[in-house]
Amino acid sequence: MKRVENINTLKYIGKEVKVSGWVGSLRSHGKIIFVDLRDKSAVLQLVFTPKEEKIYKLAQTIRPEWIISVQGQVKERPKGMVNPKVETGKIEISVKDLEVLSEAKTLPFAIDTSGYEITEEKRLRYRYLDLRRERLRKNLIARQKVIQFMRGFLEIEGFIEVETPILTKSTPEGARDFLVPSRTYPGKFYALPQSPQQYKQLLQVAGIEKYFQIARCFRDEDPRADRQAEFSQLDLEMSFMDQGEILDLIERLFIQLVRKLLPEKRISKIPFPRISYKEAMKRYKTDKPDLRRDKKNPDELAFAFIVDFPMFEWRKEEKRWDTVHHPFTRPKIKDIKELKKNPGKVLAHQYDFVLNGHEVGGGSLRSYKPEILEEVFVVMGHKKKEVREKFGHILRAFDYGVPPHGGIAPGIDRFMAVILNEPNIREVMAFPKTGDNQDLMMNSPDEVSEEQLKELYLKIVKPKKRKR
Ligand code: ASP
């Protein structure tokens, strides 16, 4: 017999079905044993009576979190026993056959609670059990719905989803790279992408015009409580669209997404306010203002765009100018003459996407004239010759004709955490790392064998004092 998901048993009243899942709570009433069977779709009540003697005996041995499969008849519950709080609350299965598929030890923590009360270390060590928790399962489902919606919306808008490499070359996005040693080319390294920035721009040179990707980004930043070394973005890049058109597209996407998937939420202001960086700093003292009218209301979403960021900021420690966003950002034409003399005065076609006081994305129009891009690198302290060496690939590509283009990358993890009212992004990721970048479940990072190091021509110089 083919297994039916719990939720679908509602369609089989009076008929025989086979269901499978995890044992939730167990109760006996007199001689009758009630078992809550949980699967990904719903919880379903199983009823065992002494009438089926062999099965009844086996049922007496089962324990919470064992995995079982049963066959039986779907029956309507007697009137007084209907539970309106459970989706399958008006039916139960009168069990005729039971098979134990897998036994389970007692779990290290409760999974029928929210989980906030358990130390995170323990939850992450046993993440596969933690994920059995209803809250986390719902979060993963919500995340999948959001991603599906984005894909559907963008396909209708004419976007093409393109995967870009994970083994790539260092891209300056302002963080440290994760490096991967090459076995074939001793002493050389790949870098994991801090974002697909250069690839998505090269796809514009290639004529893709409208690119998107649910992209994984890797940044080796110092541990911070609410950051992850790898995270996901909805990465977008498009040709021939100006800043206003790009922001309009994002606004449309998020309004439709909220209306379709989050009907209980209220968007504070449509169109989303577009506030200059200067004004935001003056009025709110921050470039990610929380514009909710009522900050206690969990169902209010205040989106905004912060625009007209300065192109450069002065790095005191390094005594040099650095870009506020990244070097590919296009300076405003009217400020270009200031590039050499007065970089601090130059504004950029750069925008941040803000939600309830969090930065949930950023992007910019890009410099598509090679000489301007080169100039930006020079302002950042690179020598002209060095620029061709490091970024020759993109400058060379631009020599073959490049449409004006720009993009943006809303972060998926932060957005999910905000809409699900979660205190941090780990609650909306399946397998996050701890705040200090460890995967406690897999025990990673871990040492590797001498053999592996040798193959890569690497030697470990042990730090004197273990630095994190
Ligand atoms: N690559 C940028 C980032 O990850 C986004 C963009 O400029 O499109 O922040």
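Parameters and conventions
Residues numbered from 1 in each chain as written. Predicted model: local features only at pLDDT ≥ 70, side-chain atom pairs only at ≥ 80, totals over all residues. Heavy atoms only, no water. Phe/Tyr/Trp six-rings, centres within 6.5 Å; stacked < 30°, edge-to-face > 60°. Helix = DSSP H or I, 4+ residues; strand = E, 2+ residues; numbered from the N terminus. Lys NZ or Arg CZ within 6 Å of the ring centre and 35° of its normal. Core = buried A, V, L, I, M, F, W, Y, C linked by side-chain atoms within 4.5 Å. Buried < 20%, exposed > 50% of the residue type's maximum accessible area, 1.4 Å probe, protein only. Contact = heavy atoms within 4.5 Å. Near = heavy atom within 4 Å. Polar contact = N/O pair within 3.5 Å; in protein donor to acceptor, adjacent residues only side chain to side chain. Areas by Shrake-Rupley, 256 points an atom, 1.4 Å probe, with all protein chains shown as cover. Nonpolar A, V, L, I, M, F, W, Y, C, P; charged D, E, K, R; others polar. Pairing = 2+ DSSP bridges. Axes fitted to C-alpha atoms, helices over the stretch in contact; angles between N-to-C directions. Parallel < 35°, antiparallel > 145°, perpendicular 65-115°, else oblique. Left-handed = near helix turned anticlockwise from the far one by under 90°. Salt bridge = Lys/Arg side-chain N within 4 Å of Asp/Glu carboxyl O. Patch = residues over 30% accessible without salt bridge, like charges linked within 9 Å, V, L, I, M, F, W, Y side chains within 5 Å.

Participant: Would you mind showing me how to read the packing of aromatic side chains here?
Facilitator: Taken as a whole, this structure holds 16 aromatic pairs when the rule is applied. Judged by centre distance (6.0 Å) and plane angle (40 degrees), the rings of phenylalanine 272 and phenylalanine 305 are tilted. On the criterion of sequence distance, the pair formed by phenylalanine 272 in the loop between strand E11 (266-267) and strand E12 (274-276) and phenylalanine 305 in strand E14 (residues 303-307) is long-range, its members being 33 residues apart. Looking at arginine 135, its charged tip hangs above the ring of tyrosine 116, at a distance of 3.9 Å from the centre.

Participant: I'm lost on the nonpolar core in this one. Help?
Facilitator: Side chains that are nonpolar tend, in soluble globular proteins, to be buried together. Ranked by size, the top nonpolar core spans 43 residues in total, and within it Leu234, Leu236, Phe254, Phe303 and Phe415 carry the most contacts. For this core, the secondary structure elements donating two or more residues are helix H4 (134-156), strand E9 (210-218), strand E10 (230-239), helix H6 (243-261), E14, strand E17 (350-355), strand E18 (358-365) and helix H11 (412-419). Among the elements that take part in this core, H6 stands out by supplying nine residues, more than any other. If near-sequence neighbours (up to four positions away) are discounted, phenylalanine 303 is found in contact with Phe254, Val258, Ile267, Phe272, Pro273, Phe353, Val354, Leu355 and Phe415.

Participant: What should I look at first to understand the site of the ligand in this one?
Facilitator: Around the ligand, the surrounding shell holds 14 residues, and the nearest of these are Glu173, Gln197, Lys200, His325 and Arg366. Note that an oxygen atom of the ligand is positioned 2.8 Å from one of the side-chain N or O atoms of histidine 325. Considering the ligand on its own, with 270 Å² of exposed area, one finds that the protein chains cover 94% of that surface. Those elements that place two or more of their residues in the shell around the ligand are helix H5 (197-205), E18 and strand E19 (405-410). With three residues, E19 is the largest single contributor of residues to the shell around the ligand. Each residue belonging to the shell around the ligand can be placed in one class, and the counts come to two nonpolar, eight polar and four charged.

Participant: Is there a simple way to think about the sheet that holds strand E5 (residues 91-102) in this case?
Facilitator: Strand pairing in a sheet takes place through backbone hydrogen bonds and is either antiparallel or parallel in direction. Spatially, E1-E2-E3-E5-E4 is the arrangement adopted by the five strands of the closed barrel, whose pairing is mixed. Going across the sheet, the axis of each strand differs from the next one's by a mean of 55 degrees, ignoring polarity. With six bridges connecting them, strand E2 (residues 32-38) and strand E3 (residues 43-48) associate as antiparallel partners. Across the sheet, the residue bridging to isoleucine 33 is phenylalanine 48, located in E3.

Participant: I would appreciate a short explanation of the sheet that holds E19 in the present structure.
Facilitator: If you trace the eight strands from one edge of the open sheet to the other, you get E6-E9-E10-E19-E18-E17-E14-E12, paired in mixed fashion. Since the sheet does not close on itself, it has two edges, and those belong to strand E6 (160-161) and E12, each with one partner. Pairing of E14 with E17, which is carried by five bridges, proceeds in the antiparallel orientation. Considered in E17, the bridge of phenylalanine 303 is made with leucine 355. Set on the sheet, H6 makes contact with E10, E12, E14, E17, E18 and E19; between it and E14 the angle comes to about 165 degrees. Each of E12 and E14 touches helix H7 (residues 277-284); the most contacted strand, E12, lies at about 85 degrees to it.

Participant: Would you explain the environment of asparagine 356 in this entry?
Facilitator: With respect to the secondary-structure elements, asparagine 356 resides in the loop between E17 and E18. A sequence separation of 243 residues divides asparagine 356 from threonine 113, and the C-alpha atoms of the two residues are 27 Å apart. Setting aside its immediate chain neighbours within four residues, asparagine 356 contacts Asp290, Arg292, Glu300, Leu301, Ala302 and Val418. A distance of 2.7 Å separates a polar atom in the side chain of asparagine 356 from the backbone nitrogen of alanine 302.

Participant: What exactly am I supposed to notice about the packing of H5 against helix H10 (residues 384-398) here?
Facilitator: The angle between the axes and the distance between the axes are what describe a pair of packed helices. Running from N to C, H5 and H10 point in directions that differ by 20 degrees, and their axes come no closer than 10 Å. Considered as vectors, H5 and H10 are oriented roughly parallel to each other. Read as a crossing pair, H5 and H10 show a hand that is left-handed. Along its contact with H5, which presents Gln198, Gln201, Leu202 and Val205, the element H10 presents Phe391, His393, Ile394, Ala397 and Phe398. The residue inventory of the contact of H5 with H10, partitioned by class, reads six nonpolar, three polar and no charged.

Participant: How should I be thinking about the pattern of salt bridges in this particular structure?
Facilitator: When the charged atoms of two side chains with opposite charge come close together, those side chains can pair. All told, the structure shown has 42 salt bridges when counted by the stated rule. With a closest N to O distance of 3.5 Å, arginine 315 and glutamate 313 form a salt bridge. Connected through salt bridges with shared partners, the residues Arg123, Arg127, Asp130, Arg133, Arg135, Glu422 and Glu427 form a single ionic network.

Participant: I'm lost on the side chain of histidine 405 in this one. Help?
Facilitator: Take histidine 405: it is sitting in strand E19. For histidine 405, the side chain forms a polar contact with the main-chain oxygen of proline 403, separated by 2.8 Å.

Participant: What is the right way to look at a nonpolar patch on the surface in this model?
Facilitator: A contiguous nonpolar patch, built from Leu179, Phe189 and Leu458 and spanning about 280 Å² of accessible area, is present on the exposed surface. Mapped onto the fold, phenylalanine 189 is located in strand E8 (residues 189-191). Overall, phenylalanine 189 belongs to the partly exposed group, its relative accessible area being 44%.

Participant: Could you clarify how one ought to interpret the packing of H4 against H6 in this entry?
Facilitator: Their axes nearest at 10 Å, the elements H4 and H6 cross at an angle of 130 degrees. The angle between H4 and H6 places the two elements in the oblique class. The two elements H4 and H6 meet at a crossing, and its hand is right-handed. Here Lys145, Val146, Phe149, Met150 and Phe153 of H4 come into contact with H6, specifically with Leu249, Arg252, Leu253, Phe254, Gln256, Leu257, Lys260 and Leu261.

Participant: Help me understand the environment of threonine 61 in this model?
Facilitator: Position of threonine 61 among the secondary structure elements: in the loop between helix H1 (53-59) and strand E4 (67-76). A C-alpha to C-alpha distance of 10.0 Å links threonine 61 and valine 100, two positions 39 residues apart in sequence. Only 2.6 Å separates the side chain of threonine 61 from the backbone oxygen of leucine 58, close enough to count as a polar contact.

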